[in-house]
Amino acid sequence: MPSLTARLIASLFRMTGSLRKRYSDGPDFLNNIEQSRTEQQYPGAKLRKRVDIRESEFQGRKIIRFAPKNGKATGQLLYWHGGGYVYPAVDIHWQFLAHMADKHGIVTTAPLYPLAPEASAKDAVAWAMNFYREFTPDRAGPFIMGGDSAGGGLCAAVVQQARDEGRILPKALILICPWLDISVSHPDQPAIEPRDCVLTINGARAAGRLYAKDLPLDDPKVSPLFGNWDGLPPILSFGGGDDILLPDARRLREKLPAIDYIEEAGMMHDWPIFFLRESRTAQARMADFIAAHYGD
């Protein structure tokens, strides 16, 4: 059973609808996306006191790097943030990456990739691949790649294309409540939706259509679940029982029985990046996974 704190926060989110309204289709959906562009959140002063945060730019997009203040790194992570492919990274992402640096010594590079509706899946994956090529020259050291939600989907699309191009691959992958089938059409999802305090099916579908644009919804760039998963690095994946994207995580496990899969009943979407007791346990598991594969 989820901790009391997890249950209280989920109940609060359900009552206020503060998160679900961002992922609900309707007349305000595009307005919410537009407003998010003016409210982009970046790491604040408190986080910068805790960890070494540096910003750079690649092809007009900001890149944010987190590292421990003491310079003692236990692993390197290339991380793609979630947000339904339409919303920018928010404070919970920065808190998570700062915790991983401060507590576990993980150096993380987080690119702020192009979002829909300004950019399509073709545009986002092309930009991400350009950054990946820059990030992984022949002299690059070992790294792990990961992402949450839509960022997990982008992570999968990128690694599949990188493999097809014969490029250096990450030592391992971390997929946190990944969005792998953008159609949101699995028969189990309607029964989960009333318990989901973050996402709605119609809202996710609307975001998916904006992102896919002229690509079929089962194109691997858009829905990497339907891509080729052969020859990819080891995977650590997470799912939550009260998350409409749970069937995506489960179907990946069915495809790849050997992956390390952690599912928590009653937990909300993206729970492993929060500050809950369950989240901290998941983050420690990620750190162990990164450390185990970083030196391979």
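Residues numbered from 1 in each chain as written. Predicted model: local features only at pLDDT ≥ 70, side-chain atom pairs only at ≥ 80, totals over all residues. Heavy atoms only, no water.

Structurally, Val90 can be placed in the loop between strand S3 (75-80) and helix H4 (91-104). Relative accessible area serves as the criterion here: at 25%, Val90 is assigned to the partly exposed category. In this structure, the C-alpha to C-alpha distance between Val90 and Ile9, residues 81 residues apart in sequence, is 18 Å. (Helix = DSSP H or I, 4+ residues; strand = E, 2+ residues; numbered from the N terminus. Buried < 20%, exposed > 50% of the residue type's maximum accessible area, 1.4 Å probe, protein only.)

Quick look at the sheet that holds strand S1 (residues 51-58) now. Spatially, the eight strands line up as an open sheet ordered S1-S2-S4-S3-S5-S6-S7-S8, and their pairing is mixed. On the outer flanks of this sheet lie S1 and strand S8 (260-268), each paired with one strand and no other. Mean inter-strand twist for the sheet, computed between neighbouring axes without regard to direction, equals 20 degrees. In this sheet, strand S4 (residues 106-111) lies alongside strand S2 (residues 61-68) in antiparallel orientation, the contact comprising four bridges. Across the sheet, the residue bridging to Ile64 is Ala110, located in S4. Packing of helix H5 (residues 121-135) onto the sheet brings it into contact with S1, S2, S3, S4 and strand S5 (144-148), and relative to S3 it is tilted by some 165 degrees. (Pairing = 2+ DSSP bridges. Axes fitted to C-alpha atoms, helices over the stretch in contact; angles between N-to-C directions. Contact = heavy atoms within 4.5 Å.)

Below, the discussion takes up the side chain of Asp243. By the secondary structure assignment, Asp243 is in the loop between strand S7 (235-242) and helix H9 (246-255). This buried residue, Asp243, is left without a salt bridge; Arg195 holds the nearest opposite charge, at 9.6 Å. Setting aside residues up to four positions removed in sequence, Asp243 forms contacts with Cys177, Ile192, Asp196, Leu199, Met267, Met268, His269 and Asp270. (Lys, Arg positive; Asp, Glu negative; His and termini not counted. Salt bridge = Lys/Arg side-chain N within 4 Å of Asp/Glu carboxyl O.)

A separate point is the pattern of salt bridges. Applying the stated criterion across every chain, the model contains 17 salt bridges. For Lys62, the salt bridge identified is with Glu55, shortest N-O distance 3.2 Å. When its relative accessible area of 29% is taken as the criterion, Lys62 is described as partly exposed. Take Glu55: its relative accessible area is 37%, and that puts it in the partly exposed class. Two residues, Arg167 and Glu165, come together in a salt bridge whose shortest N-O distance is 2.6 Å. According to the relative accessible area criterion, Arg167 is partly exposed, its value standing at 35%. Each member of the salt-bridge network shares a partner with another, and the members are Arg14, Arg195 and Asp242.

In this section: the pairing of S4. Burial within S4 is extensive, with six of its six residues counted as buried. The side-chain alternation of S4 yields two buried faces, one formed by Ile106, Thr108 and Ala110 and the other by Val107, Thr109 and Pro111. In this region the chain leaves S3, passes through H4 and returns to the parallel neighbour S4; the handedness of that crossover is right-handed. (Right-handed = clockwise from strand over helix to strand, strands pointing away.)

Everything listed here is a matter of geometry and, on its own, says nothing about what the molecule does.
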